[in-house]
Amino acid sequence: MKYRSCASFPGNLHLVLVLRPTSFFHRTVTDIGFRFSQEDFMLKMPVVMLSSVTDLLHYIDENQLTSEFGGTLDYCHSDWIVLRTAIESFAVTVKDIAQMLQGFGTELAETALSDEGKTIEYLLESHTDKYRKLKDAIRSVSKEGRHLLASLESSGKEDDSQWDVRLDWETVQRLLAQLRDMESAFDGFFEKHHLKLHQYLQLLRYEQSFQEMELCLEHLTAQERELSISVDTLVQTEQALKRLDSLESNAQEVMSRAQIIILHGHQLSAGHHYAMALIMQRCNELRHYCDTLNARYTCVLHLQAHTWCDDGAYLLANQLIDKYQSKEGAQAALRDIEQFLEGAPSMLSLGPDILAIEYEAVITPQLANNALWLSLCLLLCVYFCMCVCVCRSHVMRELIETERIYVEELLSVLLGYRAEMDNPALSGLLPPILRSKRDILFGNMPEIYNFHSRVFLQDLEGCLEAPESVGACFLERKESFQMYECYCQNKPRSEALWRQFSDCGFFQECQKKLEHKLGLDSYLLKPVQRLTKYQLLLKELLKHSPDCEGTSELQGALTAMLDLLKSVNDSMHQIAITGYEGDICELGRVLMQGSFSVWISHKKGPTRMKELARFKPMQRHLFLYERVLLFCKRREEHGDGCDKTPCYSFKHCLKMTAVGITENVKGDVKKFEIWYSGREEVYVVQAPTLEVKMTWLNELRRILTNQQKLLRGLI
């Protein structure tokens, strides 16, 4: 037999040990074979001829040799083959699992969504079933890998002499780690997919509930319009009251169900539903329906008041004038009036003491001989009008009282938390890094507190006796309220810092001292909540101030507060933009922002297969400025779990000087086109509602019209 070292041993050889056979025949054959290959060995490495196994032990340790060579190495070739086969099979199975996961992920990503709830339920069930089967497969393979690992560990991987076993152990360990990473990534992907599919099903069901409720409300509104007739006589009043009472009973039940749907919508939005904007739009539409119906049904109270006033006029017309000539007679008449007032409608109810005062003012000697019943009817009319003033005064008192509470709460936070950061007694509970970041945690709350405690609260208190001046008060301080924009822009950083240190003993100790039921994070939200409260109270004041002095100022104040809320909201979204290379502050104020479905087509260049096959739109968040339009992709990155806040990855920028619009796209009233550089790029944009589309088109038209005027002026 001829040996070729270069072919038989691909590694680097330094020494060759040749163990000669013991029998004469085999020894002769070996010697002859060695002579033929001697030159090969001599040129490359030394060769040692050994006569016995004992000589072999002089060169190789016995624990490196098997028993047939006089060693102690425990080795079975058949066992080694079984083990190697198992390891290779495990590696192939891990690869198959990876391909199965990738295939399943592709299937999920390409799933077409139906608008049928049962179809989506089936998808959820089938996807979940496949997910569980894949999880079972992963667990089975993991179990197989752990079994292999245990077998290798029992073979003595820690023994330096078992280097081949150690390599096998490391291979299996690496494959198991890959399997764990794949499983973790797969779990995360499926969790997001399952959440989106579940939210899509929630949206379908919510839309169905909304549409059914919309039909009910429209039907009620149509019925109410049929009853909107002029009421001139008592008989007409009574007939209208009966019909309206019956209709109101039905309406209250329907509006109660509408409120449940609105509440459900808020719950979905609080759960960070991907269609939050659409759901809140639906809630606002239902709320508008209910407010409109409530406003219309107040005519029931007005009709009741009309009937009550007619009864009062009849009562007064049947009073004998003579009995008013004496004190006893006047008092008896007063008792009759008081008894009548007790049956007054709720909106006309007033304490008898106040009525007695008003009545005594009427029955002065100068009026005693006049037509007293006419004066008292006038008093009832005045009383009716005063109810409006009472409502307005009540709202005004609520505005001032809640302002005082707000100022007290701000002070408690600044003294009970912020100032306590300098308290040496609590220094051991306060992480040093937190002390240096108090301006991030509290923002410009000190500035807000100074404004409200020293300026605005006094302004409001001065309006208590003159509610008509509160609108002017808000308008006068309009610029000061801009400080809230700074506070809200800092809010995400403040919340992130709070999440990091919320379990800190310092905060718990401060809360205990203040006897606050809620944590600091709830009080840090107060300024944002206060802005919302202002616009609600201003709306109430407007409702109770029809054609009164100061109404225009009230409307201006409400508009200013709503503009501030929009500006704050827009700026909160703007600071979450990432990836924009320029200084985003140089773009100016955000005019509009919102989420849309977008399709893109290019006039030049080849169409990619991916774009050709795309049947789903891209979800993009658009930011409109006076000079540019930004396209961003919304991502949920900041925070954990329900504390996540959106951020926006910058994708594209269009200069408004090169933008054009097509207002209508065939097939969908909610779509419009934004084209760029003479239709080199065309963006088909689908708004969540027709109202949103028209709002954006109006703003885009305004910008483009101003650009044309500017160009004509330059020419």
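Values in this document were obtained by computation on a predicted structure and should not be read as measured data.

Rules of the game
- Residues numbered from 1 in each chain as written.
- Predicted model: local features only at pLDDT ≥ 70, side-chain atom pairs only at ≥ 80, totals over all residues.
- Heavy atoms only, no water.
- Buried < 20%, exposed > 50% of the residue type's maximum accessible area, 1.4 Å probe, protein only.
- Helix = DSSP H or I, 4+ residues; strand = E, 2+ residues; numbered from the N terminus.
- Pairing = 2+ DSSP bridges.
- Axes fitted to C-alpha atoms, helices over the stretch in contact; angles between N-to-C directions.
- Parallel < 35°, antiparallel > 145°, perpendicular 65-115°, else oblique.
- Left-handed = near helix turned anticlockwise from the far one by under 90°.
- Contact = heavy atoms within 4.5 Å.
- Nonpolar A, V, L, I, M, F, W, Y, C, P; charged D, E, K, R; others polar.
- Phe/Tyr/Trp six-rings, centres within 6.5 Å; stacked < 30°, edge-to-face > 60°.
- Lys NZ or Arg CZ within 6 Å of the ring centre and 35° of its normal.
- Expected span 1.5 Å × (residues − 1).
- Arc of directions from axis to C-beta.
- Core = buried A, V, L, I, M, F, W, Y, C linked by side-chain atoms within 4.5 Å.
- Patch = residues over 30% accessible without salt bridge, like charges linked within 9 Å, V, L, I, M, F, W, Y side chains within 5 Å.
- Areas by Shrake-Rupley, 256 points an atom, 1.4 Å probe, with all protein chains shown as cover.
- Salt bridge = Lys/Arg side-chain N within 4 Å of Asp/Glu carboxyl O.
- Lys, Arg positive; Asp, Glu negative; His and termini not counted.
- Charge placed at Lys NZ, Arg CZ, Asp CG, Glu CD.
- Polar contact = N/O pair within 3.5 Å; in protein donor to acceptor, adjacent residues only side chain to side chain.

> What is the right way to read the pairing of strand E9 (residues 671–676) from this model?
Looking along a regular strand, one sees the side chains alternate between the two faces of the sheet. Most of E9 is tucked away, with 5 of its 6 residues classed as buried. Where E9 lies against strand E10 (residues 681–686), 6 bridges are found, and the strand directions are antiparallel. Bridge pairing in E10 links Phe672 to Val685. Hairpin geometry of E9 and E10 is characterised by an intervening segment of 4 residues between the two adjacent antiparallel strands and by a positive phi of about 50° at Ser677.

> How should I be thinking about the environment of Gln482 in this particular structure?
Mapped onto the elements, Gln482 comes out in the loop between helix H17 (470–476) and helix H18 (483–501). Exposure remark for Gln482: the relative accessible area of 35% places this residue in the partly exposed category. As for Gln482 and Ser567, which are separated by 85 residues in sequence, their C-alpha atoms are 9.4 Å apart.

> Would you mind showing me how to read the packing of H18 against helix H21 (residues 526–543) here?
When two helices pack together, their arrangement is given by the angle between the helix axes and by the axis-to-axis distance. The contact between H18 and H21 brings their axes to 10 Å, and the two run at 135°. Relative to H21, the element H18 is oriented oblique. The interaxial crossing formed by H18 with H21 has left-handed handedness. For the pair H18 and H21, contact is made by Tyr484, Tyr487 and Cys488 and by Pro527, Val528 and Leu531, respectively. Across the contact of H18 with H21, the residue classes tally to 6 nonpolar, no polar and no charged.

> Teacher, can you tell me more about the packing of aromatic side chains here?
Geometry of an aromatic ring pair is reported as the spacing of the ring centres plus the angle between the planes. In total, this model carries 20 aromatic pairs according to the counting rule given. An aromatic cluster is defined as three or more aromatic residues linked by ring pairs; in this entry it consists of Phe451, Phe456, Phe474, Phe481, Tyr484 and Tyr534. Lying over the aromatic face of Trp599, Lys671 brings its terminal NZ or CZ to 4.2 Å of the ring centre.

> What's the story with H21 in this structure? I'm lost.
Residue pairs three or four apart in sequence face the same way in an α-helix, which turns once every 3.6 residues. The end-to-end C-alpha distance of H21, which contains 18 residues, comes to 26 Å, matching closely the 26 Å that a straight helix rising 1.5 Å per residue would cover. All buried positions along H21 are accounted for by Pro527, Arg530, Leu531, Tyr534, Gln535, Leu537, Leu538, Leu541 and Leu542. Looking straight down H21, one finds its buried side chains confined to an arc of 165°; they lie on one side.

> Can you help me understand unusual backbone geometry in this one?
With glycine set apart, most residues show a phi of negative sign, and most peptide bonds adopt trans. Of note in this structure, Glu515 is not a glycine but carries a positive phi near 60°. With respect to the helices, strands and loops of the structure, Glu515 is situated in the loop between helix H19 (505–514) and helix H20 (520–524). Under the relative-accessibility criterion, Glu515 is labelled exposed at 70%. Even without a glycine there, the phi angle at Arg679 is positive, about 70°. Within the element layout of this structure, Arg679 appears in the loop between E9 and E10.

> Help me understand the nonpolar core, please; the structure alone is not making it clear to me.
Buried together is how nonpolar side chains tend to be arranged in soluble globular proteins. Counting 54 residues, the largest nonpolar core has Leu441, Val470, Phe474, Phe481, Phe507 and Leu520 as the members making the most contacts within it. At 10 residues, the largest contribution of residues to this core is made by helix H13 (residues 372–418). Setting aside residues up to four positions removed in sequence, Phe507 forms contacts with Tyr417, Leu434, Leu441, Trp498, Phe501, Ser502 and Leu520. Among the nonpolar cores identified, the runner-up in size contains 23 residues, and Leu591, Phe631, Tyr676 and Leu704 belong to it.

> Before we go on, may I ask you to explain the packing of H18 against helix H22 (residues 551–574) in this structure?
Interhelical geometry of H18 versus H22 gives an angle of 35° and a closest axis separation of 9 Å. Like other packed secondary-structure pairs, H18 and H22 cross with a definite hand, here right-handed. Of the residues in H22, those touching H18 at Tyr484, Glu485, Cys488, Gln489, Lys491 and Pro492 are Ser567, Val568, Ser571 and Met572.

> How do you make sense of a nonpolar patch on the surface when you look at a structure like this?
Taken together, the side chains of Val669, Leu690 and Met694 define a hydrophobic patch exposed on the protein surface, amounting to about 260 Å² of accessible area. The residue Val669 is located in the loop between strand E8 (659–662) and E9 in this model. For Val669, a relative accessible area of 59% translates into the label exposed.

> It is not clear to me how the environment of Pro21 should be interpreted in this structure. Could you clarify?
Inspection of the secondary structure assignment puts Pro21 in the loop between strand E1 (16–19) and helix H2 (24–36). Look at Pro21 and you get partly exposed, because its relative accessible area is 23%. Separated by 29 residues in sequence, Pro21 and Leu50 place their C-alpha atoms 9.3 Å apart.

> How should the pairing of E10 be read in this particular structure?
Among the 6 residues of E10, 6 are classified as buried, and the element is accordingly described as predominantly covered. Side chains of E10 alternate between two faces, with Glu681, Tyr683 and Val685 and Val682, Val684 and Gln686 buried alike.

> For this particular structure, what's the right way to read a positive patch on the surface?
A cluster of basic side chains, namely Lys192, Lys196, Lys633 and Lys651, defines a positive patch on the protein surface. Tracing the backbone through its elements, the reader meets Lys651 in strand E7 (residues 645–655).

> Got a minute to help me understand the side chain of Ser453 in this structure?
Tracing the chain through its elements places Ser453 in helix H16 (residues 445–461). With relative accessibility at 15%, the residue Ser453 sits in the buried group. There is a polar contact of 2.8 Å between the side chain of Ser453 and the backbone oxygen of Tyr449. Non-local contacts of Ser453, meaning those with residues more than four positions away in its chain, are made with Val407 and Gln458.

> What exactly am I supposed to notice about the pattern of salt bridges here?
Note that side chains of opposite charge can pair when their charged atoms are close. This structure, assessed with the given rule, holds 26 salt bridges. The partner of Lys513 in a salt bridge is Glu420, and the shortest N-O contact between them spans 3.7 Å. Here Glu420 lies in the loop between H13 and helix H14 (432–435) and Lys513 lies in helix H19, a separation of 93 residues in the sequence. For Lys513, a relative accessible area of 49% gives the class partly exposed.

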